[in-house]
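The primary structure of each chain is shown beneath.
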Amino acid sequence: MVKCIFPIESSTFSTATACLVRSLVHRRFTAFATSSTLIDSECEQEEDKEEWESASCIIQDKDFLRKSKKTRAGLQVLDLIDQGSLDPDPILYNRLVSKCTQLRKVREGRLVHAHFLNSDFKDDIVILNTILNMYGKCGLLEDAHKLFDRMPHKDMVTWTTLITAYSQHDRPNDALVLFPQMLLFGFSPNQFTLSSLLKASAVVGPSDGRGRQLHAFCIKWGYYSNVYVGSSIVDMYARYGLMDEARFAFDGLLIKNEVSWNALIAGYARKGDGESTLLLFWKMLRQPFWPTHFTYSSMFSACAATGALEQGRWIHAHMLKTGLKLIAFVGNTLLDMYAKSGSIDDATKVFNRLLKPDVVSWNSMLTGCAQHGLGRDTVKRFEEMLRMGIKPNQITFLCVLTACSHSGLLSEGLHYFEMMKEHNLELEVAHYVTIVDLFGRAGLLNRAEAFIKEMPIKPTAAVWGALLGACRMHKNMELGTYAAERVFELDPHDSGPHILLSNIYASAGRWRDAAKVRKMMRLSGVKKEPACSWVEMENAVHMFVANDVSHPRIVEIRRVWEEVSQRIREIGYVPDLNHVLLFVDQWEREARLQHHSEKLALAFALLSTPPGSTIRIKKNIRVCADCHSAIKFASRVTQREIILRDTNRFHHFRDGSCSCGDYW
């Protein structure tokens with residue numbers, strides 16, 4: 001019998017424990033000394049296993065990674081083995097490595113690995129796979145690959161573990177490279193291997209065709225109907241943006257789970273297809289599956305993309321009814337949904353209820369304030385964020401600079417632009433665009449041009465486009481022409497700059513030059529996106545274009561707007577004919593101006609909603625100055641709050657004024 005020489009301390013092991021160890025640790029295990037040594041009888045193997053499981057239980061779970069009393073960097077369990085007080089075995093090493101993996105204890109894991117390599121079990125493939133998994137889960141991919149290369153033997157688990165590690169840590173190409181090597185060594189992939197490979201291929205993208213090859217391989221090897229592999233195929237095509245293929249793969253699954261549903265729902269949400277996302281969500285609710293946090297996050301993103309406030313509120317209520325907690329990433333998407341759907345008050349309530357807002361939460365809140373014209377609030381919240389020790393990133397500063405630009409906060413915007421350098425953040429093109437926009441909106445066109453010429457990077461089409469927009473706003477034809485020419489060189493297929501230049505010429509009465517720009521657009525195949533506005537009523541979308549006659553209630557709609565138009569003229573509204581950029585007489589200009597899409601949408605909303613309710617209108621381009629003025633007066637005579645979302649921001653019209661302060 002081996003003498004037990006534990007360095008017994010009352011705080012760690014009791015006398016009774018020591019006696020128990022003496023009775024259990026009565027002989028050394030040599031069964032795993034070499035890979036060729038086998039246990040002679042099944043009964044003896046089971047007896048040994050039970051004996052060592054009992055011995056391992058003596059050391060409590062919390063004591064497995066207890067630091068050594070003798071060495072600063074060691075572990076007490078390893079000291080006991082070295083002293084001969086505890087015999088090692090594969091189960092003990094496996095538990096130690098698994099504990100390190102679970103707690104992400106990298107330093108302790110290296111110690112166990114080093115000790116294991118000096119043991120009799122150093123070639124045990126099960127333990128080596130466990131150590132490989134530890135390095136992979138902890139993100140130590142170089143260590144994982146070194147161990148992989150040094151392993152004397154490999155099995156399917158070995159290859160799958162390394163492939164999964166690369167796939168889960170944003171190194172998809174390294175994961176995909178291993179697959180043909182694995183096949184050359186004669187190994188056949190399992191469902192976990194294929195799922196990890198499909199995930200890696202989803203990140204790489206569809207350009208190299210490896211995703212489709214993997215799909216074909218899954219069919220060939222009979223894994224197509226496997227729910228885990230099938231769900232990965234759905235997710236891969238959804239991330240490619242190929243929703244027809246994703247839906248086909250989804251419908252082909254004999255068995256579906258939450259992952260399958262979430263993958264397809266998230267795909268539609270990323271595409272901005274709110275209708276398909278909502279239909280799929282309702283279909284999921286009729287199945288024996290409960291939505292998860294990931295489901296709700298995708299749904300909120302879909303509602304944010306379409307501005308579907310009522311549907312977003314319903315889904316929020318459904319989540320609360322199911323009892324799911326508002327965890328970080330779901331709270332961020334919910335906040336973003338309310339902000340982008342026009343309810344900044346609800347967004348603020350969600351933000352205030354977050355237990356621990358992170359930088360994404362703050363960015364979402366700052367973006368919401370900026371989009372709703374709350375420039376001063378954005379600056380105040382940003383300063384509060386800094387006081388709380390939240391480190392801003394490039395997106396944070398972009399939100400703040402945008403808010404300053406939209407609110408005319410010139411000195412504040414320049415201050416925060418310089419602050420980015422203090423935080424060692426790399427300036428991106430978008431930040432330069434906002435500064436050009438900041439100068440341009442303030443009417444400082446020469447400073448904007450000088451800033452562009454002094455930029456350390458080559459100006460892009462977006463930079464010159466910001467200057468062109470400012471020239472259109474302030475009617476600077478000469479500089480606007482110069483900026484437009486630069487945009488045409490860099491991005492000749494964008495219709496926006498062509499329209500801006502044409503409008504600049506038309507505003508100055510240079511109809512011939514405006515016609516030349518339009519002709520150039522036709523010859524180069526550049527098409528203008530038609531301006532349209534829409535409102536949602538009882539889960540139906542009603543869309544309008546300028547001079548629309550297609551709506552079934554168009555006669556009533558025009559009558560309502562004529563009544564509103566008459567009332568707002570009585571309190572000071574004067575049509576701005578400069579926004580009718582056609583060579584027609586004054587009467588025709590005024591007639592065309594009164595039938596812009598947002599005015600028709602407003603008239604329909606007044607006709608279809610109860611008195612006093614809030615009206616929400618969306619437009620696909622920037623609202624014109626005349627419509628802005630008309631809706632401002634309309635909010636006063638109708639006693640309604642009117643929220644208009646265009647491509648740049650939200651306008652909250654109330655009692656004859658707008659949240660933008662007529663600066664947008």
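Residues numbered from 1 in each chain as written. Predicted model: local features only at pLDDT ≥ 70, side-chain atom pairs only at ≥ 80, totals over all residues. Heavy atoms only, no water.

Quick look at the overall build of the chain
For step 1, the next point in the chain: Counting its regular elements, the chain contains 33 helices and six strands.
For step 2, the next point in the chain: Here the chain, with 664 residues, has 50% of them falling under the buried criterion.
For step 3, the next point in the chain: Of the contacts formed within the chain by residues at least 6 apart in sequence, a portion of 63% connects residues at least 24 apart.
For step 4, the next point in the chain: Put simply, the chain shows about 32,700 Å² of open surface, and 54% of that area lies on carbon and sulfur atoms. (Helix = DSSP H or I, 4+ residues; strand = E, 2+ residues; numbered from the N terminus. Buried < 20%, exposed > 50% of the residue type's maximum accessible area, 1.4 Å probe, protein only. Contact = heavy atoms within 4.5 Å. Areas by Shrake-Rupley, 256 points an atom, 1.4 Å probe, with all protein chains shown as cover.)

Considerations on the pattern of salt bridges
For step 1, the next point in the chain: According to the stated counting rule, one finds 25 salt bridges in the structure shown.
For step 2, the next point in the chain: The salt bridge involving aspartate 346 is made with arginine 313; its shortest N-O contact spans 2.8 Å. Here the residue aspartate 346 occupies a position in helix 19 (residues 344-353), and arginine 313 occupies one in helix 17 (residues 309-322), the gap between them amounting to 33 residues. (Salt bridge = Lys/Arg side-chain N within 4 Å of Asp/Glu carboxyl O.)

Regarding unusual backbone geometry
For step 1, the next point in the chain: The phi torsion at lysine 475 lies on the positive side, around 55°, for a residue other than glycine.
For step 2, the next point in the chain: Structurally, lysine 475 is set in the loop between helix 26 (461-474) and helix 27 (477-490).
For step 3, the next point in the chain: Unusually for a residue other than glycine, glutamine 639 sits at a positive phi of about 55°.
For step 4, the next point in the chain: Here glutamine 639 lies in the loop between helix 33 (625-637) and strand 4 (642-645).

A few points about the environment of threonine 101
For step 1, the next point in the chain: Mapped onto the elements of the fold, threonine 101 is located in helix 4 (residues 90-103).
For step 2, the next point in the chain: Sequence separation of threonine 101 and threonine 130 is 29 residues, and the distance between their C-alpha atoms is 8.9 Å.
For step 3, the next point in the chain: For threonine 101, the contacting residues outside a window of four places in its chain are Asn133, Met134 and Lys137.

Description of the confidence of the model for the chain
When pLDDT drops low, the exact placement of atoms in the prediction is not to be read closely.
For step 1, the next point in the chain: Here the chain averages 85 in pLDDT, and 88% of its residues register 70 or above.
For step 2, the next point in the chain: When mean pLDDT is taken per element in the chain, helix 8 (residues 156-168) scores highest with 96 and helix 1 (residues 15-24) scores lowest with 36.
For step 3, the next point in the chain: Every residue in residues 1-57 scores below 50 in pLDDT, and together they form 63 contacts with partners more than four places removed in sequence or on other chains. (pLDDT = per-residue confidence, 0-100.)

Concerning the environment of serine 613
For step 1, the next point in the chain: Tracing the sequence through the fold places serine 613 in the loop between helix 32 (597-608) and strand 3 (615-619).
For step 2, the next point in the chain: Linking serine 613 and arginine 640, residues 27 residues apart in sequence, is a C-alpha distance of 6.5 Å.
For step 3, the next point in the chain: In this structure serine 613 touches Arg640 and Glu641, once residues within four positions along its chain are discounted.
For step 4, the next point in the chain: At 2.7 Å, the side chain of serine 613 and the backbone oxygen of proline 610 are in polar contact. (Polar contact = N/O pair within 3.5 Å; in protein donor to acceptor, adjacent residues only side chain to side chain.)

Digging into helix 8
For step 1, the next point in the chain: Over its 13 residues, helix 8 runs 18 Å from end to end, which matches the ideal 18 Å to within 8%, given 1.5 Å per residue.
For step 2, the next point in the chain: Counted residue by residue, helix 8 has eleven buried out of 13 residues, so it is predominantly covered.
For step 3, the next point in the chain: Listed in full, the buried residues belonging to helix 8 are Met156, Thr158, Trp159, Thr160, Thr161, Leu162, Ile163, Thr164, Ala165, Tyr166 and Ser167.
For step 4, the next point in the chain: For helix 8, the secondary structure elements touched by its buried residues are helix 6 (125-137), helix 7 (141-150), helix 9 (172-184) and helix 10 (191-204). (Expected span 1.5 Å × (residues − 1).)

Considerations on the packing of aromatic side chains
For step 1, the next point in the chain: Scanning the entire structure with this criterion turns up 24 aromatic pairs.
For step 2, the next point in the chain: On the basis of an interplanar angle of 70° and a centroid distance of 6.3 Å, the ring pair of tyrosine 93 and phenylalanine 121 is categorised as edge-to-face. In this pair, tyrosine 93 sits in helix 4 while phenylalanine 121 sits in the loop between helix 5 (106-117) and helix 6, placing the two residues 28 residues apart along the sequence. The pair tyrosine 93 / phenylalanine 121 is uniform in exposure class, with both members buried.
For step 3, the next point in the chain: A centroid spacing of 6.0 Å and a plane angle of 40° characterise the contact between tyrosine 432 and phenylalanine 451, whose relative ring orientation is tilted. Of the two residues, tyrosine 432 is situated in helix 24 (residues 429-441) and phenylalanine 451 in helix 25 (residues 445-454); the sequence distance between them amounts to 19 residues. Across the pair, exposure class does not vary: tyrosine 432 and phenylalanine 451 are buried alike.
For step 4, the next point in the chain: An aromatic cluster is built from Phe148, Trp159, Phe185 and Phe187, whose rings are joined through pairwise contacts. (Phe/Tyr/Trp six-rings, centres within 6.5 Å; stacked < 30°, edge-to-face > 60°.)

Remarks on the sheet that holds strand 1 (residues 532-537)
For step 1, the next point in the chain: Here we have six strands laid out as an open sheet, ordered 2-1-3-4-5-6, and mixed in their pairing. Each end of this open sheet is capped by a strand with a single partner; those strands are strand 2 (540-545) and strand 6 (657-658). (Pairing = 2+ DSSP bridges.)

Quick look at a nonpolar patch on the surface
For step 1, the next point in the chain: Together, Leu279, Trp282 and Trp314 make up a nonpolar patch on the protein surface, roughly 310 Å² of accessible area in all.
For step 2, the next point in the chain: Classification of tryptophan 314 as partly exposed rests on a relative accessible area of 41%. (Patch = residues over 30% accessible without salt bridge, like charges linked within 9 Å, V, L, I, M, F, W, Y side chains within 5 Å.)

Brief notes about helix 3 (residues 76-83)
For step 1, the next point in the chain: Within helix 3, six of the eight residues are buried, which leaves it mostly tucked inside the rest of the structure.
For step 2, the next point in the chain: Among all positions in helix 3, only Gln76, Val77, Leu78, Asp79, Leu80 and Ile81 are buried.
For step 3, the next point in the chain: As for helix 3, its buried residues are in contact with helix 4 and helix 5.
For step 4, the next point in the chain: Among the residues trailing helix 3, glycine 84 stands out with phi positive, at a value near 85°.

What about the packing of helix 16 (residues 293-306) against helix 18 (residues 328-340)?
For step 1, the next point in the chain: Running from N to C, helix 16 and helix 18 point in directions that differ by 20°, and their axes come no closer than 8 Å. The orientation of helix 16 relative to helix 18 falls into the category roughly parallel. You can see that helix 16 and helix 18 cross each other, and the crossing is left-handed. Across the interface between the two elements, His293, Phe294, Ser297, Phe300, Ser301, Cys303 and Ala304 from helix 16 touch Phe329, Val330, Thr333, Leu334, Asp336, Met337 and Lys340 from helix 18.
For step 2, the next point in the chain: Looking at side-chain class alone, the contact of helix 16 with helix 18 contains eight nonpolar, four polar and two charged residues. (Axes fitted to C-alpha atoms, helices over the stretch in contact; angles between N-to-C directions. Parallel < 35°, antiparallel > 145°, perpendicular 65-115°, else oblique. Left-handed = near helix turned anticlockwise from the far one by under 90°. Nonpolar A, V, L, I, M, F, W, Y, C, P; charged D, E, K, R; others polar.)

Observations regarding the packing of helix 4 against helix 5
For step 1, the next point in the chain: The geometry of helix 4 relative to helix 5 is characterised by a closest axis approach of 9 Å and an angle of 160° between their N-to-C directions. Relative to helix 5, the element helix 4 is oriented roughly antiparallel. As for the relative orientation of helix 4 and helix 5, their crossing is left-handed in sense. Facing Tyr93, Leu96, Val97 and Cys100 of helix 4, the residues of helix 5 in contact are Glu108, Gly109, Val112, His115 and Phe116.

Details of the pairing of strand 4
For step 1, the next point in the chain: Residues Ile642 and Leu644 of strand 4 are buried on one face, and the alternating residues Ile643 and Arg645, pointing to the opposite face, are buried as well.
For step 2, the next point in the chain: Sheet topology places strand 3 next to strand 4; four bridges connect them, and they run parallel. Its bridge partner lying in strand 4, arginine 616 is registered against isoleucine 643.
For step 3, the next point in the chain: Once the chain exits strand 3 it traverses helix 33 before rejoining the sheet at strand 4, and the crossover so formed is right-handed.
For step 4, the next point in the chain: Across four bridges, the pairing between strand 4 and strand 5 (residues 650-654) is antiparallel. Its bridge partner lying in strand 5, arginine 645 is registered against phenylalanine 650. (Right-handed = clockwise from strand over helix to strand, strands pointing away.)

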